[in-house]
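What the coordinates show
Next come the chains, spelled out residue by residue.
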Amino acid sequence: MNQNSDQASKAPPFSGPRSAPIRHIGEAGIFLFRILARLRFSPRQWAEVMRQTYFVGIRSLVIIMTGGLFVGLVLALQTYDVLTDFGATEAVGTIVGKSLYRELGPVLAALLFAGRAGTSITAEIGLMKATEQLDALDLMAIDPIERIVLPRLVAAVISLPILTLLFDMLAILGSYLFAVHWMGLEQGIYWSNMQSHVSLYKEFFPGLMKTVVFGLVCGLTAVYYGYHARPTGEGVGIATTQTVIISSILVLILDFALSALML
Amino acid sequence: MTDKQQQMDTIVKLRNLSFQRGKRTVLDDISMDVQRGQVVALMGPSGVGKSTILKLITGQITPPQGTVEVDGDCISQMTVNNLKRFRRKVGVLLQNGALFTDLTCFENVALPLREHTQLNDSLIRRVVLGKLHAVGLRGAAELMPRHLSGGMARRVALARAIALDPALVLYDEPLSGLDPISQASIMRLIRSLNTALGLTSIIVTHSVDEMHELADYAYLIIGGRIAAHGTPEQLAAHESPLVQQFIKGQPDGPVPFHFPAASLADDLLAMP
Amino acid sequence: MRTSHTVEFTSGLFMALGLAALVFLAFQSTDAGGVLREGSYRISARFGNIGDLKPRAPVSVGGVTVGSVESIELDGDSFEAVVTMKISTRYDALPDDTSASIFTKGVLGDQYVSLEPGGSPDVLADGDSLFITQSALVLENLISKYLFDSEEEEDSE
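Remember, it's a predicted structure, so these values are computed and weren't measured experimentally. (Residues numbered from 1 in each chain as written. Chains lettered and ligands numbered in written order. Predicted model: local features only at pLDDT ≥ 70, side-chain atom pairs only at ≥ 80, totals over all residues. Heavy atoms only, no water.)

Observations concerning the interface of chain A and chain C
Taken together, the contact pairs 29 residues of chain A with 25 residues of chain C. Interface of chain A and chain C: buried area, both sides summed, is about 2600 Å²; carbon and sulfur atoms make up 74% of it. Across the chain A-chain C interface, the total number found is zero salt bridges. For the interface between chain A and chain C, the tally reads three residue pairs in polar contact (both at pLDDT 80 or more). At the level of secondary structure, the elements contributing two or more residues to the side of chain A that touches chain C comprise helix H3 (43-86), helix H6 (144-182), helix H7 (187-197) and helix H8 (200-227) of chain A. If one sorts the elements of the side of chain A that touches chain C by residue count, H6(A) sits on top with nine residues. Residue classes in the side of chain A that touches chain C are distributed as 18 nonpolar, eight polar and three charged. (Contact = heavy atoms within 4.5 Å. Buried area = accessible area lost by both parts, 1.4 Å probe. Salt bridge = Lys/Arg side-chain N within 4 Å of Asp/Glu carboxyl O. Polar contact = N/O pair within 3.5 Å; in protein donor to acceptor, adjacent residues only side chain to side chain. Helix = DSSP H or I, 4+ residues; strand = E, 2+ residues; numbered from the N terminus. Nonpolar A, V, L, I, M, F, W, Y, C, P; charged D, E, K, R; others polar.)

Topic: the arrangement of the chains
Counting contacts across all two pairs of chains found in contact, the highest total belongs to chains A and C. There is a gap between chain B and chain C: no contact, and a shortest C-alpha distance of 10 Å.

Points about the pairing of strand S7 (residues 168-172) of chain B
All names here are of chain B. Most of S7 is tucked away, with five of its five residues classed as buried. Here S7 shows a buried face lined by Leu168, Leu170 and Asp172 and a second buried face lined by Val169 and Tyr171. In the sheet, strand S6 (residues 90-93) pairs with S7 via four bridges, with the strands oriented parallel. The residue bridging Val90 from the neighbouring strand is Leu168, located in S7. Examined bridge by bridge, S7 and strand S8 (residues 200-205) share five bridges and lie parallel to one another. Each bridged residue has a counterpart across the sheet, and for Asp172 the counterpart in S8 is Val204. Regarding topology, helix H7 (residues 180-196) serves as the crossover connection from S7 to the parallel S8, and that connection is right-handed. (Buried < 20%, exposed > 50% of the residue type's maximum accessible area, 1.4 Å probe, protein only. Pairing = 2+ DSSP bridges. Right-handed = clockwise from strand over helix to strand, strands pointing away.)

Some words on the packing of H3(A) against H6(A)
All names here are of chain A. Between H3 and H6, whose axes approach to 5 Å, the crossing angle comes to 25 degrees. As summarised for this structure, H3 and H6 are arranged roughly parallel, according to the angle between their axes. Relative to H6, H3 is oriented so that their crossing is right-handed. Across the contact of H3 with H6, the residue classes break down as 25 nonpolar, 11 polar and five charged. (Axes fitted to C-alpha atoms, helices over the stretch in contact; angles between N-to-C directions. Parallel < 35°, antiparallel > 145°, perpendicular 65-115°, else oblique. Left-handed = near helix turned anticlockwise from the far one by under 90°.)

Section: the sheet that holds strand S10 (residues 225-230) of chain B
Residues and elements named next belong to chain B. Read across the open sheet, the six strands follow the order S6-S7-S8-S3-S9-S10; overall the sheet is mixed. The outermost strands of the open sheet, each flanked by one partner alone, are S6 and S10. Each strand of the sheet is rotated relative to its neighbour by a mean of 15 degrees, with strand direction disregarded. Each of S6 and S7 touches helix H6 (residues 150-161); the most contacted strand, S6, lies at about 170 degrees to it. Sitting on the sheet, helix H10 (residues 241-248) is in contact with strand S3 (39-43), strand S9 (217-222) and S10, with an inclination near 110 degrees to S9.

Considerations on the pairing of strand S2 (residues 24-35) of chain B
Residues and elements named next belong to chain B. Pairing analysis gives eight bridges linking strand S1 (residues 10-21) to S2, with the strands arranged antiparallel. Paired with Lys13 across the bridge in S2 is Asp33. Where S1 hands over to S2, the hairpin turn is made up of two residues, of which Gly22 adopts a positive phi near 65 degrees.

A short note on the packing of helix H4 (residues 92-130) of chain A against H7(A)
All names here are of chain A. The N-to-C vectors of H4 and H7 enclose an angle of 45 degrees; their axes lie 7 Å apart at closest approach. Between H4 and H7, the angle falls in the class oblique. Pair H4 / H7 crosses with right-handed handedness. Between H4 and H7, the residues in contact are Val92, Gly93, Thr94, Gly97 and Lys98 and Tyr190, Asn193, Met194 and His197, respectively.

Thoughts on the interface of chain A and chain B
Frequently, the measure chosen for interface size is the accessible area that the parts lose on association. Contact residues are listed per partner, giving 16 residues for chain A and 21 residues for chain B. For the pair chain A and chain B, the summed buried area comes to about 1800 Å², and 54% of that belongs to carbon and sulfur atoms. Applying the counting rule to chain A against chain B returns four salt bridges. Note that A:Arg51 is salt-bridged to B:Asp102, the shortest N-O span being 3.1 Å. Counting across the chain A and chain B interface gives 11 residue pairs in polar contact (both at pLDDT 80 or more). Looking at the side of chain A that touches chain B, the elements with two or more residues in it are H3 and helix H5 (133-139) of chain A.

Quick notes on the pattern of salt bridges
Residues and elements named next belong to chain B. Under the counting rule described, the total for this entry stands at 24 salt bridges over all chains. A salt bridge links Arg36 to Asp9; the shortest N-O distance between them is 3.6 Å. One end of the pair, Arg36, is in the loop between S2 and S3; the other, Asp9, is in the loop between helix H1 (4-7) and S1, and 27 residues separate them in sequence. The class of Arg36 is partly exposed, set by a relative accessible area of 37%. For Asp9, a relative accessible area of 38% translates into the label partly exposed. Each member of the salt-bridge network shares a partner with another, and the members are Asp9, Arg36, Asp71, Asp73 and Lys89.

Looking at helix H9 (residues 233-262) of chain A
All names here are of chain A. Taking 1.5 Å of rise per residue, 30 residues should cover 44 Å, and H9 covers 42 Å from first to last C-alpha, within 8% of that figure. Of the residues making up H9, those classed as buried are Gly235, Val236, Ala239, Thr240, Thr243, Ser247, Ser248, Val251, Asp255, Leu258 and Ser259. Taken together, the buried residues of H9 touch H4 and H8. (Expected span 1.5 Å × (residues − 1).)

Dropping the structure here:
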């Protein structure tokens, strides 16, 4: 009893499990500033960013494009079905475009991205930590944050908007395929309805803004959990799972917050 | 141990180092001197804080008490930039080599050169191939680390550690997990590089044979304190039972076989 | 060296692909489309009541969309709604006695402006106004008119 109270009084403040989420946010925020402080815009750093964009972006391409195509098909299928009841099937393009650009595109692409690229970033950095590669860099007087963490974060911020655009494009093509080729909607009506109702400035660009934020959040979550992983196989596994869970939750919460802000 | 004449040529000087991790004391009042040009072994049972000493020497962790001086500079008082400059003078071979898995052997060795020198590509190529040749792996330059055996990876990592011609090389368990042939070749390399390049080497190890084979001088650390130090012969002849237990590899002795516990009878009777 | 160039090329290609998608989506599937692709000219029309016509509503001739509503303002003197429309230059031969009506798509659909070309030899040009307009049919007005059978035909133009 006495010992217990002794330990409790010795424990540093804010170290309990209840304050853990807030602590993580604070740590991640500080980590972000440590990363950004190392932005140099030097040719070597850009070369590494491009290299990581290749790994982060290209590897997610297949899942993003497949996802986009089928989301477009399903969206068109569902809305077409409902719209037939109202005799307003020509609005299918509008509905697909409106729901896609502001919400579905950015969110689904970010979730897929977190699952594919986020986890591989976490696992890669975590493994580099477990195999002492980060220590080796540090000992060679090469800053591991500048060299390993920063290029991956920047690559995520660059890649996700591009991937989201490709996701959107495949989804539009999917719904076009369904509505125009299979259901026989006039293609001019499909496009002109979209053009007259989907706003470039109120829907398309805000969606694109969102994906930049999502890219930063997914990238930061991935590098944060990788860099702070316990340097064991188990630790890396836990960190990878954490990355998916945390970035998915953050994307969904932030999506709501950003939508509310932009409306 | 503070001979006035030798002090001039001391490259690493540790004074009254203590280090705690949580409530556990890892190092307790450690003082050490490493002479330039020697191969010095840091020995002790596993988990005794030998690697911590290496990290203190490289400045990866700052000691709460005590000072670390390398080549006349106090590590704990260095600015970030000075520490960076200092680390170029120190090569480290980490436990499993820690080669960068996404770079070829050549690029692994070239990395510190590209980062810290202004050499052009052809000069870098010459230096890198020279270093790889020194460890006998010039032919493996274009291989990826995953295609190397453990011993070869360790040798490439050694080539990388000496790429910037450091004055001091630290080895963290250089032979652990290697087959006898690789062990022999690494041992020969450590010795020959030490003489050929005029290095000072500090080797962390728990193997007594390794110490006998390589070291000019050895420190035996047990329980966070220096239990003994001297040449391998002096250690072998040391009268302390603790040192004898370690040198001879006896399972029981001053370092007990059993983890501290209540008596066996009490424990068994207390079973529900 | 060879591999790193492949990487650069591919990530360059990736970015170009993203840019292409941006351009395609922006011009093909949003309201930036049509406008930037071809020129347009503006005409305006005055209505007594526009119902719930909104900016960017389509403007059509015989069911074919030829442009969109750019802005809707109230004339402070006559208290009429002034609807400015952007018409694609592809349809630059509309006669100047064209009439404009506000209709509803389906029963619950959006409202749009329908242009009915007249027979005049002169064509509409940028900045012209339409004189013959028919206001939106407001459902409530129709119902009350029907229910009370009052004779207010003269009021609704």
